[in-house]
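So the chains spell out like this:
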Amino acid sequence: VVDPNTIRRIVALAGVGPGDRVVEIGPGLGSLTLGLLEAGAEVTAVEIDERVLPALEEVTGGRARIVAGDALQVDWRDLAGPGAMVVANLPYNVATPLVLRLLDEVPAIDRLLVMVQREVGERMAAAPGSRTYGIPSVKVAFWAKARLVGTVPAEVFHPRPRVTSALVEIVRRAEPVAPVEPGLLFEL
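These figures come from a predicted structure and were not determined experimentally. (Residues numbered from 1 in each chain as written. Predicted model: local features only at pLDDT ≥ 70, side-chain atom pairs only at ≥ 80, totals over all residues. Heavy atoms only, no water.)

**A few points about the sheet that holds strand E3 (residues 65-68)**
Here's step 1: Spatial strand order, E3-E2-E1-E4-E5-E7-E6: 7 strands in an open sheet with mixed pairing. With one partner strand each, in any of the chains shown, E3 and strand E6 (144-152) form the two edges of the open sheet. Sheet twist, expressed as the average angle between the axes of neighbouring strands with direction ignored, equals 20 degrees.
Here's step 2: Bridge count between strand E5 (residues 109-117) and strand E7 (residues 165-172): 7 bridges; the pairing is antiparallel. Looking at E7, one finds that Met115 is bridged to Leu167.
Here's step 3: In the packing of helix H1 (residues 4-14) onto the sheet, the strands contacted are strand E4 (84-89), E5, E6 and E7, and the crossing angle to E6 comes to about 160 degrees. (Pairing = 2+ DSSP bridges. Helix = DSSP H or I, 4+ residues; strand = E, 2+ residues; numbered from the N terminus. Axes fitted to C-alpha atoms, helices over the stretch in contact; angles between N-to-C directions. Contact = heavy atoms within 4.5 Å.)

What follows is the structure in structure tokens.
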């Protein structure tokens, strides 16, 4: 994301403030990271591309904890303490499995604001009976409440993608929506 207004909008929608613990996935060169730091957040940035790590470290000036690794493989117990939130422009190819893994396995994360491909965001937040309702909708709704909070046009990215992005807010429920074993439910 190369538009500063879009970065400010994402940070505002996430409700990030001083002292909030935020995990950012896929920070790239750090434009969102800087916005989160400017809001006063304590940022842990997980980046898989080791080629951008030196630039990310330089841009953040040591103000963020940078973890080299694949967000689908890292030990989340080490990254996210109680009350942590995720704010991220997720890589489109791993957005759904990553969000579902975080909801299934990382109860310390109570909120997410993620940017994903619009169709993926619609599926995550879909209500029963809608045309986009499916397995990801069920899994997200079991653990959390999800809603679309905005769209992001392709023009604010470099390079420019061929899709529109959506911002999805996901807030973990205090208890799962039903008193059933998740493994059995999801197996069905």
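**Points about the side chain of Thr132**
Here's step 1: Position of Thr132 relative to the elements: it lies in the loop between helix H6 (118-124) and helix H7 (135-143).
Here's step 2: Residue classification places Thr132 among the buried residues on the basis of a relative accessible area of 13%.
Here's step 3: Apart from the residues lying within four places of it in its own chain, the contact partners of Thr132 are Glu122, Arg123, Ala126 and Ser137. (Buried < 20%, exposed > 50% of the residue type's maximum accessible area, 1.4 Å probe, protein only.)

**Description of helix H3 (residues 53-60)**
Here's step 1: Within H3 the residues assigned to the buried category are Leu53, Leu56 and Thr60. Around the axis of H3, the buried residues are gathered within 60 degrees of arc, so they sit on the same side. Seen from the open side of H3, the exposed residues pointing more than 90 degrees away from its buried face are Pro54 and Glu58.
Here's step 2: One or two positions beyond H3, positive phi appears at Gly61, with a value near 55 degrees. (Arc of directions from axis to C-beta.)

**As for the side chain of Thr6**
Here's step 1: Summarising the element assignment, Thr6 is placed in helix H1.
Here's step 2: Apart from the residues lying within four places of it in its own chain, the contact partners of Thr6 are Val1, Val152 and Val156.

**Looking at the packing of H1 against helix H2 (residues 31-38)**
Here's step 1: Orientation of H1 relative to H2, taken along the N-to-C sense of each, is 50 degrees, at an axis distance of 9 Å. Between H1 and H2, the crossing angle belongs to the class labelled oblique. Note that H1 runs across H2; the crossing there is right-handed. Two secondary-structure elements touch here, H1 through Ile7, Ile10 and Val11 and H2 through Ser31, Leu32, Gly35 and Leu36.
Here's step 2: Class assignment for the residues of the contact of H1 with H2 results in 5 nonpolar, 2 polar and no charged. (Parallel < 35°, antiparallel > 145°, perpendicular 65-115°, else oblique. Left-handed = near helix turned anticlockwise from the far one by under 90°. Nonpolar A, V, L, I, M, F, W, Y, C, P; charged D, E, K, R; others polar.)

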